[in-house]
Amino acid sequence: MQRRISGEVRPMAGRFEIHRVSDGCYRLRLTDSNGNTVAVSPDFKHLGALKDGIIALRENAATGIVVDLRHMPQPS
């Protein structure tokens with residue numbers, strides 16, 4: 001268990017950035033606490049769909065498993 005020390009500054013968590021792209025669609029960018037881009041979504045035509053994507057990403061990332069596919073045969 002971590003304890004917070006008085007006066008300690010904790011780094012900000014990553015954040016979801018919503019951007020409006022030139023064709024009127026929306027795009028999501030996930031950044032880490034240092035501002036580095038971790039993931040970029042495909043374009044969403046509606047803001048509601050993008051928000052649903054954020055919810056799905058949060059739920060799946062928290063419970064998702066890591067599957068290493070580097071050694072799987074590639075389809076011909």
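Above this text is the structure in question.
Residues numbered from 1 in each chain as written. Predicted model: local features only at pLDDT ≥ 70, side-chain atom pairs only at ≥ 80, totals over all residues. Heavy atoms only, no water.

**Describing the pattern of salt bridges**
Stage number 1. Considering all chains together, one arrives at four salt bridges under this definition.
Stage number 2. With its nearest N and O atoms 3.0 Å apart, the salt bridge here joins Glu 17 to Arg 15.
Stage number 3. Residue classification places Arg 15 among the partly exposed residues on the basis of a relative accessible area of 43%.
Stage number 4. Classification of Glu 17 as buried rests on a relative accessible area of 16%.
Stage number 5. Through salt bridges with shared partners, a single network forms among Arg 15, Glu 17 and Arg 29. (Salt bridge = Lys/Arg side-chain N within 4 Å of Asp/Glu carboxyl O. Buried < 20%, exposed > 50% of the residue type's maximum accessible area, 1.4 Å probe, protein only.)

**Looking at the environment of Thr 37**
Stage number 1. As for its position among the elements, Thr 37 is in strand 3 (residues 37-40).
Stage number 2. With 21 residues separating them in the primary sequence, Thr 37 and Phe 16 have C-alpha atoms 10.0 Å apart.
Stage number 3. If we skip the residues at most four places from it in the chain, Thr 37 touches Arg 29, Leu 30 and Thr 31. (Helix = DSSP H or I, 4+ residues; strand = E, 2+ residues; numbered from the N terminus. Contact = heavy atoms within 4.5 Å.)

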